[in-house]
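Secondary and tertiary structure notes
As a plain string of letters, each chain reads:
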Amino acid sequence: MVQAIFNFFSSSGPRWALLAFKSDISNKIRAKVLKKVCPTRWEARHDAVFALKTRFVDVLKVLTQIVLTSSKTNEKNLAVGLKKQIENREFVLILCLWEPILRALQGISKPLQNVNITLDQASNMLRNAVQTTQKLRNSFEDILKNANELCLKWGISTSFFNKRNIFAKKHYDELDGDYRLNVTEENFKVNIFLPTIDTVLSQLISRFEGTHDVADSFGFLTPTTLLKLNDSDIIKSSYDFVLKYENDITSDFARQLIALKTVIINSEIKTIKDLAQFIISNSLPSSFPDILSACIIFMCIPVTVASAERSFSKLKLIKNYLRNTCNQDRLSGLAVLNIEREQTINIAIEKIINDFANAKSRRKNFLI
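Presented here is an overview of the structure given in this document. For every chain, the first residue of the written sequence is number 1, and numbering continues from 1 onward in sequence order. Totals for whole chains, interfaces and linings use all residues, but because this is a predicted model, local features are given only for residues with pLDDT of at least 70 and pairs of side-chain atoms are given and counted only at 80 or more. Side-chain measures were taken over the full set of non-hydrogen atoms in the model, leaving aside hydrogen atoms and water.

Focus: the overall build of the protein
Cut-off, in case you're wondering: Secondary structure elements follow DSSP: runs of H or I no shorter than four residues count as helices, runs of E no shorter than two count as strands, and numbering proceeds from the N terminus. Partly exposed residues are those whose accessible area sits between 20% and 50% of the maximum for their type, while under 20% is buried and over 50% is exposed, using a 1.4 Å probe and protein chains only. When checking whether two residues touch, look at their non-hydrogen atoms; a contact exists if any pair is within 4.5 Å. Each accessible area is a Shrake-Rupley result for a 1.4 Å probe, and residues are judged covered by the shown protein chains and nothing else.
Each helix and strand counted, the protein has 19 helices and zero strands in total. Here the protein holds 368 residues, and 34% of them are scored as buried. In the protein, once contacts between residues fewer than 6 apart in sequence are set aside, the share between residues at least 24 apart is 67%. In the form shown here, the protein has an accessible surface area of approximately 24,200 Å², with 55% of it arising from carbon and sulfur atoms.

Following this line, the structure appears as C-alpha coordinates:
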(Lines give C-alpha, C1' and ligand atoms only; values in the text may rest on other atoms or scores of the structure.)
Protein backbone atom coordinates (compact mmCIF):
# COMPACT_ATOMS: atom_id res chain seq x y z
CA MET A 1 0.00 0.00 0.00
CA VAL A 2 2.86 2.37 0.76
CA GLN A 3 4.30 1.75 -2.71
CA ALA A 4 0.84 2.03 -4.33
CA ILE A 5 0.28 5.43 -2.72
CA PHE A 6 3.71 6.60 -3.89
CA ASN A 7 3.01 5.38 -7.44
CA PHE A 8 -0.35 7.17 -7.50
CA PHE A 9 1.13 10.56 -6.64
CA SER A 10 4.48 10.25 -8.42
CA SER A 11 2.90 9.29 -11.75
CA SER A 12 1.22 12.68 -12.06
CA GLY A 13 2.85 16.09 -11.76
CA PRO A 14 -0.30 17.93 -10.60
CA ARG A 15 -1.08 15.27 -7.97
CA TRP A 16 2.52 15.34 -6.70
CA ALA A 17 2.53 19.15 -6.52
CA LEU A 18 -0.81 19.12 -4.73
CA LEU A 19 0.65 16.89 -2.01
CA ALA A 20 4.20 18.26 -1.90
CA PHE A 21 3.17 21.91 -1.47
CA LYS A 22 0.65 22.91 1.12
CA SER A 23 -1.82 25.54 -0.02
CA ASP A 24 -1.02 28.15 2.62
CA ILE A 25 2.80 27.97 2.40
CA SER A 26 3.27 26.77 -1.16
CA ASN A 27 5.60 29.64 -1.96
CA LYS A 28 7.70 29.39 1.22
CA ILE A 29 8.27 25.91 2.64
CA ARG A 30 8.30 22.59 0.82
CA ALA A 31 6.58 19.88 2.85
CA LYS A 32 7.93 16.35 3.33
CA VAL A 33 7.21 14.22 0.27
CA LEU A 34 6.44 10.53 -0.02
CA LYS A 35 9.32 8.11 -0.59
CA LYS A 36 9.69 5.03 -2.76
CA VAL A 37 9.86 1.60 -1.11
CA CYS A 38 13.18 0.03 -2.10
CA PRO A 39 13.24 -3.78 -1.65
CA THR A 40 17.01 -3.95 -0.98
CA ARG A 41 17.68 -0.93 1.26
CA TRP A 42 16.25 -0.90 4.78
CA GLU A 43 16.79 2.83 5.28
CA ALA A 44 14.57 3.44 2.22
CA ARG A 45 11.80 1.39 3.81
CA HIS A 46 11.88 3.50 6.96
CA ASP A 47 11.89 6.71 4.91
CA ALA A 48 8.83 5.53 2.99
CA VAL A 49 6.87 4.47 6.08
CA PHE A 50 7.88 7.54 8.10
CA ALA A 51 6.93 9.91 5.26
CA LEU A 52 3.48 8.32 4.92
CA LYS A 53 2.95 8.41 8.68
CA THR A 54 3.97 12.08 8.83
CA ARG A 55 1.80 13.09 5.86
CA PHE A 56 -1.05 10.66 6.56
CA VAL A 57 -3.71 13.33 7.07
CA ASP A 58 -2.44 15.36 4.11
CA VAL A 59 -2.60 12.28 1.87
CA LEU A 60 -6.22 11.69 2.88
CA LYS A 61 -7.06 15.36 2.26
CA VAL A 62 -5.57 15.25 -1.24
CA LEU A 63 -7.29 11.95 -2.04
CA THR A 64 -10.61 13.42 -0.88
CA GLN A 65 -10.04 16.53 -2.99
CA ILE A 66 -9.28 14.39 -6.04
CA VAL A 67 -12.42 12.30 -5.49
CA LEU A 68 -14.59 15.44 -5.28
CA THR A 69 -13.03 17.57 -8.02
CA SER A 70 -11.36 15.26 -10.55
CA SER A 71 -12.98 14.90 -13.96
CA LYS A 72 -10.96 11.77 -14.86
CA THR A 73 -12.81 8.56 -14.12
CA ASN A 74 -9.68 6.41 -13.75
CA GLU A 75 -8.02 8.89 -11.43
CA LYS A 76 -11.13 9.17 -9.29
CA ASN A 77 -11.52 5.40 -9.02
CA LEU A 78 -7.87 4.98 -7.96
CA ALA A 79 -8.23 7.71 -5.35
CA VAL A 80 -11.42 6.12 -3.98
CA GLY A 81 -9.72 2.71 -3.71
CA LEU A 82 -6.61 4.06 -1.97
CA LYS A 83 -8.66 6.18 0.41
CA LYS A 84 -10.79 3.18 1.36
CA GLN A 85 -7.74 1.00 1.98
CA ILE A 86 -5.87 3.38 4.30
CA GLU A 87 -8.88 4.94 6.04
CA ASN A 88 -9.20 2.23 8.67
CA ARG A 89 -7.70 1.54 12.05
CA GLU A 90 -5.91 -1.67 11.09
CA PHE A 91 -3.80 0.10 8.46
CA VAL A 92 -2.94 2.91 10.91
CA LEU A 93 -1.95 0.38 13.57
CA ILE A 94 0.37 -1.51 11.23
CA LEU A 95 1.85 1.81 10.04
CA CYS A 96 2.56 2.85 13.64
CA LEU A 97 3.96 -0.64 14.36
CA TRP A 98 6.48 -0.80 11.50
CA GLU A 99 7.80 2.76 11.85
CA PRO A 100 9.63 2.21 15.21
CA ILE A 101 10.86 -1.24 14.08
CA LEU A 102 12.36 0.14 10.87
CA ARG A 103 13.72 3.14 12.79
CA ALA A 104 15.86 0.82 14.92
CA LEU A 105 17.07 -1.05 11.81
CA GLN A 106 17.82 2.15 9.93
CA GLY A 107 20.27 3.22 12.63
CA ILE A 108 22.54 0.27 11.82
CA SER A 109 21.85 -0.23 8.11
CA LYS A 110 23.85 2.77 6.91
CA PRO A 111 26.86 2.45 9.30
CA LEU A 112 27.24 -1.24 8.38
CA GLN A 113 28.01 -0.14 4.81
CA ASN A 114 30.86 2.12 5.94
CA VAL A 115 34.28 0.91 4.77
CA ASN A 116 35.93 1.96 8.05
CA ILE A 117 33.59 0.15 10.46
CA THR A 118 35.12 -2.62 12.55
CA LEU A 119 33.67 -5.84 13.91
CA ASP A 120 33.45 -4.65 17.51
CA GLN A 121 31.62 -1.47 16.49
CA ALA A 122 29.18 -3.44 14.32
CA SER A 123 28.60 -5.97 17.11
CA ASN A 124 27.82 -3.23 19.65
CA MET A 125 25.42 -1.49 17.25
CA LEU A 126 23.62 -4.76 16.51
CA ARG A 127 23.27 -5.52 20.23
CA ASN A 128 21.80 -2.04 20.77
CA ALA A 129 19.32 -2.69 17.94
CA VAL A 130 18.27 -5.96 19.59
CA GLN A 131 17.75 -4.21 22.93
CA THR A 132 15.72 -1.45 21.28
CA THR A 133 13.52 -4.01 19.52
CA GLN A 134 13.05 -5.96 22.77
CA LYS A 135 11.79 -2.78 24.45
CA LEU A 136 9.24 -2.39 21.64
CA ARG A 137 7.77 -5.75 22.63
CA ASN A 138 6.51 -4.18 25.87
CA SER A 139 5.31 -0.92 24.27
CA PHE A 140 2.10 -2.09 22.61
CA GLU A 141 0.07 0.41 24.62
CA ASP A 142 2.21 3.31 23.36
CA ILE A 143 1.85 2.16 19.74
CA LEU A 144 -1.90 1.80 20.27
CA LYS A 145 -2.04 5.32 21.70
CA ASN A 146 -0.13 6.80 18.74
CA ALA A 147 -2.43 4.99 16.31
CA ASN A 148 -5.53 6.31 18.09
CA GLU A 149 -4.18 9.87 18.01
CA LEU A 150 -3.50 9.57 14.27
CA CYS A 151 -7.00 8.18 13.70
CA LEU A 152 -8.65 11.01 15.64
CA LYS A 153 -6.91 13.63 13.47
CA TRP A 154 -8.99 12.45 10.50
CA GLY A 155 -12.01 11.17 12.39
CA ILE A 156 -11.31 7.47 11.84
CA SER A 157 -13.07 5.17 14.29
CA THR A 158 -10.77 3.91 17.04
CA SER A 159 -12.61 0.59 17.21
CA PHE A 160 -12.03 -2.33 14.89
CA PHE A 161 -14.55 -2.96 12.16
CA ASN A 162 -16.43 -6.14 12.93
CA LYS A 163 -17.51 -7.98 9.81
CA ARG A 164 -20.56 -10.17 9.75
CA ASN A 165 -19.42 -13.77 9.84
CA ILE A 166 -20.41 -15.79 6.78
CA PHE A 167 -20.71 -19.51 7.35
CA ALA A 168 -20.88 -22.15 4.66
CA LYS A 169 -23.70 -24.60 4.66
CA LYS A 170 -22.65 -27.73 6.55
CA HIS A 171 -23.79 -31.25 6.05
CA TYR A 172 -24.57 -33.70 8.83
CA ASP A 173 -21.05 -35.18 9.19
CA GLU A 174 -19.00 -31.97 8.68
CA LEU A 175 -17.16 -30.03 11.38
CA ASP A 176 -17.40 -26.30 12.00
CA GLY A 177 -13.99 -25.41 10.50
CA ASP A 178 -14.69 -22.01 8.91
CA TYR A 179 -15.27 -20.03 12.10
CA ARG A 180 -13.25 -16.82 12.18
CA LEU A 181 -12.72 -14.45 15.08
CA ASN A 182 -13.28 -10.74 14.68
CA VAL A 183 -10.21 -8.53 14.95
CA THR A 184 -9.85 -7.01 18.40
CA GLU A 185 -6.99 -5.31 20.22
CA GLU A 186 -6.05 -8.56 21.96
CA ASN A 187 -6.17 -10.54 18.70
CA PHE A 188 -4.08 -7.90 16.94
CA LYS A 189 -1.48 -8.04 19.71
CA VAL A 190 -1.28 -11.85 19.75
CA ASN A 191 -1.52 -12.56 16.01
CA ILE A 192 0.30 -9.57 14.46
CA PHE A 193 2.24 -7.42 16.94
CA LEU A 194 4.09 -10.08 18.95
CA PRO A 195 4.89 -12.39 15.97
CA THR A 196 6.31 -9.43 14.03
CA ILE A 197 8.56 -8.33 16.89
CA ASP A 198 9.68 -11.90 17.59
CA THR A 199 10.52 -12.50 13.92
CA VAL A 200 12.64 -9.36 13.77
CA LEU A 201 14.44 -10.32 16.98
CA SER A 202 15.14 -13.88 15.84
CA GLN A 203 16.51 -12.68 12.50
CA LEU A 204 18.73 -10.06 14.13
CA ILE A 205 20.14 -12.63 16.54
CA SER A 206 20.58 -15.57 14.14
CA ARG A 207 21.95 -13.66 11.14
CA PHE A 208 24.68 -11.88 13.10
CA GLU A 209 25.58 -14.65 15.53
CA GLY A 210 28.92 -15.21 13.75
CA THR A 211 29.71 -11.50 13.92
CA HIS A 212 29.25 -11.49 17.70
CA ASP A 213 31.37 -14.64 18.12
CA VAL A 214 34.31 -13.23 16.17
CA ALA A 215 34.04 -9.84 17.89
CA ASP A 216 33.99 -11.51 21.32
CA SER A 217 37.08 -13.60 20.46
CA PHE A 218 38.99 -10.36 19.75
CA GLY A 219 37.41 -8.45 22.65
CA PHE A 220 40.36 -8.87 25.05
CA LEU A 221 42.62 -7.21 22.45
CA THR A 222 40.79 -3.88 22.76
CA PRO A 223 43.10 -1.52 24.76
CA THR A 224 40.35 -0.39 27.14
CA THR A 225 39.49 -4.02 27.94
CA LEU A 226 43.13 -5.14 28.07
CA LEU A 227 43.98 -2.60 30.77
CA LYS A 228 41.14 -3.91 32.98
CA LEU A 229 42.16 -7.58 32.79
CA ASN A 230 44.58 -9.16 35.23
CA ASP A 231 47.45 -11.41 34.11
CA SER A 232 45.57 -14.67 34.62
CA ASP A 233 42.63 -13.50 32.48
CA ILE A 234 45.00 -12.32 29.76
CA ILE A 235 46.78 -15.70 29.73
CA LYS A 236 43.47 -17.59 29.48
CA SER A 237 42.10 -15.37 26.69
CA SER A 238 45.36 -15.49 24.74
CA TYR A 239 45.52 -19.30 25.03
CA ASP A 240 42.04 -19.66 23.52
CA PHE A 241 42.99 -17.18 20.80
CA VAL A 242 46.20 -19.05 19.92
CA LEU A 243 44.26 -22.30 19.57
CA LYS A 244 41.94 -20.64 17.07
CA TYR A 245 44.71 -18.94 15.03
CA GLU A 246 47.56 -21.39 15.62
CA ASN A 247 48.98 -20.90 12.10
CA ASP A 248 49.42 -17.13 12.58
CA ILE A 249 49.98 -16.60 16.31
CA THR A 250 52.73 -18.20 18.44
CA SER A 251 52.63 -19.27 22.07
CA ASP A 252 54.54 -16.10 23.04
CA PHE A 253 51.34 -14.11 22.53
CA ALA A 254 50.44 -13.98 26.24
CA ARG A 255 53.86 -12.62 27.27
CA GLN A 256 53.64 -9.90 24.61
CA LEU A 257 50.19 -8.84 25.84
CA ILE A 258 51.34 -8.55 29.45
CA ALA A 259 54.37 -6.52 28.34
CA LEU A 260 52.29 -4.28 26.08
CA LYS A 261 49.87 -3.57 28.91
CA THR A 262 52.58 -1.70 30.79
CA VAL A 263 53.51 0.28 27.66
CA ILE A 264 50.02 1.62 26.85
CA ILE A 265 48.87 2.17 30.44
CA ASN A 266 49.14 5.97 30.16
CA SER A 267 48.20 6.30 26.49
CA GLU A 268 44.85 7.29 24.99
CA ILE A 269 44.51 4.27 22.69
CA LYS A 270 40.92 3.03 22.50
CA THR A 271 40.52 0.77 19.45
CA ILE A 272 42.43 -2.15 17.94
CA LYS A 273 43.22 -0.02 14.89
CA ASP A 274 44.79 2.63 17.13
CA LEU A 275 46.79 -0.13 18.83
CA ALA A 276 48.22 -1.32 15.50
CA GLN A 277 49.13 2.24 14.52
CA PHE A 278 50.77 2.75 17.93
CA ILE A 279 52.94 -0.35 17.48
CA ILE A 280 54.00 0.66 13.96
CA SER A 281 54.62 4.36 14.71
CA ASN A 282 56.78 3.55 17.74
CA SER A 283 58.88 0.94 15.86
CA LEU A 284 57.64 -1.92 18.05
CA PRO A 285 56.70 -4.63 15.46
CA SER A 286 59.80 -6.64 16.36
CA SER A 287 58.88 -6.56 20.07
CA PHE A 288 55.18 -7.40 19.62
CA PRO A 289 54.91 -9.29 16.30
CA ASP A 290 52.03 -11.55 17.36
CA ILE A 291 49.96 -8.65 18.65
CA LEU A 292 50.45 -6.80 15.37
CA SER A 293 49.45 -9.94 13.45
CA ALA A 294 46.30 -10.27 15.55
CA CYS A 295 45.42 -6.63 14.90
CA ILE A 296 45.91 -7.10 11.15
CA ILE A 297 43.71 -10.22 11.17
CA PHE A 298 40.99 -8.30 13.01
CA MET A 299 41.09 -5.33 10.62
CA CYS A 300 41.06 -7.57 7.51
CA ILE A 301 37.90 -9.46 8.47
CA PRO A 302 35.00 -7.93 6.45
CA VAL A 303 31.94 -6.88 8.44
CA THR A 304 29.45 -7.09 5.55
CA VAL A 305 29.44 -7.77 1.82
CA ALA A 306 28.99 -4.07 1.02
CA SER A 307 32.54 -3.76 -0.35
CA ALA A 308 32.04 -6.74 -2.66
CA GLU A 309 28.74 -5.29 -3.89
CA ARG A 310 30.47 -1.98 -4.60
CA SER A 311 33.08 -3.85 -6.64
CA PHE A 312 30.40 -5.49 -8.79
CA SER A 313 28.61 -2.16 -9.21
CA LYS A 314 31.87 -0.53 -10.30
CA LEU A 315 32.63 -3.40 -12.67
CA LYS A 316 29.27 -2.89 -14.38
CA LEU A 317 30.18 0.75 -15.03
CA ILE A 318 33.61 -0.16 -16.39
CA LYS A 319 32.67 -2.98 -18.76
CA ASN A 320 30.03 -1.26 -20.88
CA TYR A 321 29.28 -1.64 -24.57
CA LEU A 322 32.19 0.66 -25.47
CA ARG A 323 34.64 -1.78 -23.82
CA ASN A 324 32.99 -4.97 -25.00
CA THR A 325 36.28 -6.37 -26.38
CA CYS A 326 38.30 -5.55 -23.24
CA ASN A 327 40.55 -8.48 -22.23
CA GLN A 328 40.80 -9.89 -18.72
CA ASP A 329 44.08 -8.22 -17.68
CA ARG A 330 42.99 -4.76 -18.76
CA LEU A 331 39.58 -5.19 -17.15
CA SER A 332 41.15 -6.26 -13.84
CA GLY A 333 43.56 -3.31 -13.95
CA LEU A 334 40.76 -0.79 -14.62
CA ALA A 335 38.65 -2.32 -11.84
CA VAL A 336 41.47 -2.02 -9.30
CA LEU A 337 42.11 1.60 -10.29
CA ASN A 338 38.44 2.47 -9.85
CA ILE A 339 37.86 0.53 -6.65
CA GLU A 340 41.00 1.92 -4.98
CA ARG A 341 40.22 5.47 -6.09
CA GLU A 342 41.66 7.03 -2.92
CA GLN A 343 45.13 5.69 -3.78
CA THR A 344 44.69 6.34 -7.51
CA ILE A 345 44.14 10.07 -6.98
CA ASN A 346 47.58 10.40 -5.32
CA ILE A 347 49.42 8.77 -8.24
CA ALA A 348 51.50 11.15 -10.39
CA ILE A 349 50.21 10.21 -13.84
CA GLU A 350 52.52 12.58 -15.73
CA LYS A 351 55.60 11.14 -14.03
CA ILE A 352 54.54 7.57 -14.92
CA ILE A 353 54.01 8.57 -18.56
CA ASN A 354 57.43 10.25 -18.75
CA ASP A 355 59.17 7.29 -17.11
CA PHE A 356 57.44 4.89 -19.50
CA ALA A 357 58.37 7.04 -22.51
CA ASN A 358 62.01 7.25 -21.43
CA ALA A 359 62.22 3.51 -20.82
CA LYS A 360 60.70 2.66 -24.20
CA SER A 361 62.39 5.40 -26.25
CA ARG A 362 64.42 4.25 -29.28
CA ARG A 363 68.06 5.14 -29.54
CA LYS A 364 67.84 6.10 -33.20
CA ASN A 365 65.84 9.12 -34.27
CA PHE A 366 64.00 8.28 -37.49
CA LEU A 367 63.04 11.90 -38.12
CA ILE A 368 66.57 12.95 -39.00
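Comments concerning the nonpolar core
It is characteristic of soluble globular proteins that their nonpolar side chains tend to be buried jointly. Defined as follows: By nonpolar core we mean a set of buried residues, namely Ala, Val, Leu, Ile, Met, Phe, Trp, Tyr and Cys, connected to one another through side-chain atoms within 4.5 Å.
In terms of nonpolar packing, the biggest core is built from 81 residues, with Phe9, Phe56, Val59, Leu221, Phe253 and Ile291 touching the most fellow members. Not counting chain neighbours up to four residues away, the residues in contact with phenylalanine 253 comprise Phe220, Leu221, Ser238, Phe241, Val242, Asp290, Ile291 and Ala294. Cys326, Leu331, Leu334 and Ala335 belong to the second largest nonpolar core, which has five residues in total.

Thoughts on unusual backbone geometry
Among all residues save glycine, negative phi is the norm, and among peptide bonds the norm is trans. Even without a glycine there, the phi angle at serine 283 is positive, about 55°. Considering the arrangement of structural elements, one finds serine 283 in the loop between α14 (272-281) and α15 (289-300). Note on serine 283: relative accessible area 59%, which makes it exposed.

Let's talk about the pattern of salt bridges
This is how it is decided: Between Lys or Arg on one side and Asp or Glu on the other, a salt bridge is scored when a side-chain nitrogen of the former is within 4 Å of a carboxyl oxygen of the latter.
In this structure the tally under the stated criterion is 10 salt bridges. The residue arginine 15 makes a salt bridge to glutamate 75 at a minimum N-O spacing of 2.6 Å. Residue arginine 15 is found in helix α2 (residues 13-20), and its partner glutamate 75 is found in helix α5 (residues 73-86); the two are separated by 60 residues along the sequence. For the pair arginine 15 and glutamate 75, a shared accessibility class is recorded, and that class is buried. What emerges from the salt-bridge pattern is a single network uniting Lys53, Glu99 and Arg103.

Observations regarding the packing of helix α3 (residues 42-54) against helix α6 (residues 89-109)
As a reminder of what qualifies: The axes are straight lines fitted to the C-alpha atoms, using for helices just the contacting stretch, and the angles between their N-to-C directions are given from 0 to 180°. Handedness of a crossing is defined here by the sense of rotation of the near helix relative to the far one, left-handed for an anticlockwise turn of less than a right angle and right-handed for a clockwise turn. Residue polarity follows a fixed list, in which Ala, Val, Leu, Ile, Met, Phe, Trp, Tyr, Cys and Pro are nonpolar, Asp, Glu, Lys and Arg are charged, and the others, Gly among them, are polar.
For the pair α3 and α6, interaxial distance at closest approach is 8 Å and the crossing angle is 140°. Read as a crossing pair, α3 and α6 show a hand that is left-handed. Seen from α3, the contacting residues are Trp42, Glu43, Arg45, His46, Asp47, Val49, Phe50, Leu52 and Lys53; seen from α6, they are Phe91, Leu95, Cys96, Glu99, Leu102, Arg103, Leu105, Gln106 and Ser109. For the contact of α3 with α6, the per-class residue count stands at nine nonpolar, three polar and six charged.

Structural notes on helix α9 (residues 185-207)
Counted only if it meets this: Every helix has an expected span of 1.5 Å times one less than the residues it contains. A residue's bend is the angle separating two fitted axes: one through the seven residues that end there, the other through the seven that start there.
Compared with the 33 Å implied by 1.5 Å per residue over 23 residues, the 31 Å span of α9 between its first and last C-alpha is a close match. The sharpest bend along α9 measures roughly 30° and falls at phenylalanine 193, with the proline proline 195 sitting one to four residues further on. Residues of α9 that are buried include every one of Phe188, Phe193, Leu194, Thr196, Ile197, Val200, Leu201 and Leu204, and no others. Buried residues along α9 sit in contact with α6, α7 (119-136) and α8 (140-154).

What to know about a nonpolar patch on the surface
Put simply, the rule is: Patches draw on residues past 30% relative accessible area with no salt bridge. Two like charges within 9 Å are joined, as are two nonpolar side chains (Val, Leu, Ile, Met, Phe, Trp, Tyr) within 5 Å.
On the surface, Leu337, Ile347, Ile349, Ile352 and Ile353 cluster together into a nonpolar patch covering about 430 Å² of accessible area. Per-element accounting of the nonpolar patch gives the leading share, three residues, to helix α19 (residues 349-360). Note on placement: isoleucine 353 falls in helix α19.

Some points on helix α10 (residues 209-217)
Residues of α10 that are buried include every one of Thr211, His212, Ala215 and Ser217, and no others. Of the surrounding elements, those touching the buried residues of α10 are α7 and α12 (231-244).

What about the packing of aromatic side chains?
Defined as follows: Here is the rule: rings of Phe, Tyr and Trp (six-membered ring for Trp) pair when centre to centre is within 6.5 Å. Planes less than 30 degrees apart are stacked, more than 60 are edge-to-face, and the remainder are tilted. A ring has a charge above it when a Lys NZ or an Arg CZ is no more than 6 Å from the ring centre and no more than 35 degrees off the ring normal.
By the definition in use, this model includes 12 aromatic pairs. Between phenylalanine 6 and tryptophan 16 the ring centres are 5.9 Å apart and the planes differ by 90°, which places this aromatic pair in the edge-to-face class. One end of the pair, phenylalanine 6, is in helix α1 (residues 2-10); the other, tryptophan 16, is in helix α2, and 10 residues separate them in sequence. Of the residues examined, phenylalanine 6 reaches a relative accessible area of 14% and is grouped as buried. Ring geometry for phenylalanine 218 versus phenylalanine 298: centroids 5.2 Å apart, planes at 50°, classification tilted. Linking phenylalanine 218 in the loop between α10 and α11 (223-226) with phenylalanine 298 in helix α15, this pair joins segments that are 80 residues apart in sequence. Phenylalanine 298 matches phenylalanine 218 in its accessibility class, with the two residues each being buried. The ring centre of phenylalanine 8 lies 4.3 Å from the NZ or CZ of arginine 15, which sits over that ring.

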